[in-house]
Structure formats: C-alpha cells, structure tokens
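# Breakdown of the fold
Listed here are the chains, written in short residue letters.
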Amino acid sequence: MSFFTTPLIGSFFVAAALFAPMPAAYQVSLATWEPGVGDRVVVDTKENEGYLIHTDGRYVRFPVITGQRRRVYYIGRSYNAATPAWDWVVQSQDIKGDRITFGPSGRFLRLYKDGEEHTAYGFHEHAAEDVMFDRESRFQSMGCVIVRSSMMDILEETYLLNTDAGVPVFTRYGIEDAVRIAFPRDDANVL
C-alpha cells in the first residue's frame, strides 16, 4: 500500500501541504521536534489525533482527548460537550488551581475565536491522563482538548515562541473537513 493510497496518511499529506507553502509534508519523531515560529495545530476530532505542523512541512502526530458527544451539565451550564469544529488561535495561557481537571501544572492554553472572542475552550493536561489515554474511546473531555503532559510542554513552548501572532488551531471532524473548510480551494482535485 503506497503513502497516497493509505486514506488517513494521504489525506493528512494533502492537508499539511495546504497549510503553508512548503516543499513536501513529512512526519518526524516527537523526540526530534523543536517548536518554531509559525507553527500551527490541526485537531481531528473524529480520530482524536492532533498534528503540530511547521511552515516547512514537517509535522508530528499526537493523540488527543476531545469532547464527549453528548449533552452535559458542567460549571453551571448545560451544553453539547463535543469539541466544536472552528478556527481558533491560542492567544493566552492561564494557570488553573484545579489540579485534577488541568493536571499537575494547571496549565491552560486558551483558544480564541474570530480574532478576539475569548472562549472557555483550550488545551490542557489531566491528572488521570494515563487512564484516560488508555481507554478505547477518547471522547472524554467537557469540550477542551486534553493532551499528555509531555505534549503540553511542547505546545506551551510553541505558544511562547508565537505570542505576538498566537498559534492557529483548526478543529475539524475528519482531516478532509479541515482541508475543505479551513482552506477552500477551487481545484476539485485537491483531495
């Protein structure tokens, strides 16, 4: 099976190629990854996978936990906890006191919508990350994107390198939707 006939990998190659001008998209090891200026994040809420992408096409893939696909009652509100499919920008970092929900460090990278609107969504760790990531279903959050502590270190460093412009984040249900919605093209043969 070739690189382009593997549906998820082939779709991601196309998605990564559209995110920035680059010679070629290719996956690299998380162990060798160095955050850079202009990095962006794509979160596929269908497969619960995240992609951190350099402007030159290199990317790392990492597991995420996204919102439960049901109505919840949380922090005084009733809402559908599925992580929304939106275009966001990480524009601030908070340290939360709840070290269960937000993990041992309490770090929370807040997502903003429409350039200004501060939301309740963001990236964070969780105290029970080992248990949560070992479960068959990774639809467990109240809408935020939960990452492992080691990935949060990388995302935090990425944010600190990009505080002027923020870090673009695209959440979509499936990589194909990320390509079509976030980066529409006239070329019908993009996928």
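Bear in mind the structure is a predicted one, so any value in this text is a computation, not a measurement.

### Examining the overall build of the protein chain
Along its length, the protein chain carries four helices and 13 strands. When contacts within the protein chain are restricted to residue pairs at least 6 apart in sequence, long-range pairs at least 24 apart make up 55% of them. Summed over its atoms, the accessible surface of the protein chain is roughly 9,500 Å², and 52% of this surface lies on carbon and sulfur atoms.

### Focus: the nonpolar core
Judged by nonpolar contacts, the single largest core of 23 residues is most densely connected at Val41, Leu52, Val90, Phe123, Val147 and Leu155. In terms of residues, this core owes the most to one element, helix H3 (residues 149-161), which gives five residues. Discounting residues that sit within four places of it in the chain, Phe123 has contacts with Val41, Val43, Val90, Arg107, Phe108, Leu109, Leu111, Val145, Val147, Met152, Leu155 and Val169. One finds Tyr51, Ile53, Phe170 and Ile175 within the second-largest nonpolar core, a separate group that totals six residues.

### A look at unusual backbone geometry
The phi dihedral of Asn48 falls on the positive side, at around 55°, and the residue is not glycine. With respect to the helices and strands, the residue Asn48 is situated in the loop between strand E2 (40-44) and strand E3 (49-53). You can call Asn48 buried: its relative accessible area is 2%.

### Quick look at the environment of Tyr74
Relative to the helices and strands, Tyr74 is located in strand E6 (residues 71-74). The partly exposed category is assigned to Tyr74, whose relative accessible area is 27%. With 68 residues separating them along the chain, Tyr74 and Met142 place their C-alpha atoms 7.6 Å apart. Setting aside chain neighbours within four positions, we find Tyr74 in contact with Tyr79, Thr101 and Met142.

### Things to note about the environment of Gly143
Topologically, Gly143 is positioned in the loop between strand E11 (139-141) and strand E12 (145-146). Each C-alpha atom, one on Gly143 and one on Tyr79, is 9.6 Å from the other, the two residues being 64 residues apart in sequence. Excluding anything up to four places from it in sequence, Gly143 contacts Gly67, Ala81, Thr83 and Tyr121.

### Comments concerning the environment of Asp94
Considering the arrangement of structural elements, one finds Asp94 in strand E8 (residues 87-95). Between the C-alpha atom of Asp94 and that of Leu109, which follows or precedes it by 15 residues, the distance is 6.6 Å. Among residues more than four places away in sequence, those in contact with Asp94 are Gly106, Arg107, Phe108 and Arg110. Of note is the side chain of Asp94, whose polar atom sits 2.7 Å from the side chain of Arg110.

### Side note on the packing of aromatic side chains
Under the criterion given, the structure shown has five aromatic pairs. Note on Trp86 and Trp88: the rings are 4.9 Å apart at their centroids and 55° apart in plane angle, and the pair reads as tilted. The class of Trp86 is partly exposed, set by a relative accessible area of 30%. What makes Trp88 buried here is its relative accessible area of 2%. Taken together, Trp86, Trp88 and Tyr121 form an aromatic cluster joined through their ring pairs. If you follow Lys96 out to its NZ or CZ, it ends over the ring of Phe102, 5.9 Å from the centre. Sitting over the face of the ring of Trp86, Lys113 holds its NZ or CZ atom 4.7 Å from the ring centroid.

### A closer look at the pattern of salt bridges
Close approach of charged atoms lets side chains of opposite charge pair. Taken as a whole and assessed by the stated rule, the structure comprises 10 salt bridges. Glu156 is the partner of Arg107 in a salt bridge, and the nearest nitrogen-oxygen pair spans 2.8 Å. Here Glu156 lies in helix H3 and Arg107 lies in strand E9 (residues 107-113), a separation of 49 residues in the sequence. The pair formed by Arg107 and Glu156 is uniform in burial state, with each residue classed as buried. Linked by salt bridges that have partners in common, Arg107, Glu125, Asp153 and Glu156 make up one network.

Here is what the cut-offs are and how they apply
Residues numbered from 1 in each chain as written. Predicted model: local features only at pLDDT ≥ 70, side-chain atom pairs only at ≥ 80, totals over all residues. Heavy atoms only, no water. Helix = DSSP H or I, 4+ residues; strand = E, 2+ residues; numbered from the N terminus. Contact = heavy atoms within 4.5 Å. Areas by Shrake-Rupley, 256 points an atom, 1.4 Å probe, with all protein chains shown as cover. Core = buried A, V, L, I, M, F, W, Y, C linked by side-chain atoms within 4.5 Å. Buried < 20%, exposed > 50% of the residue type's maximum accessible area, 1.4 Å probe, protein only. Polar contact = N/O pair within 3.5 Å; in protein donor to acceptor, adjacent residues only side chain to side chain. Phe/Tyr/Trp six-rings, centres within 6.5 Å; stacked < 30°, edge-to-face > 60°. Lys NZ or Arg CZ within 6 Å of the ring centre and 35° of its normal. Salt bridge = Lys/Arg side-chain N within 4 Å of Asp/Glu carboxyl O.

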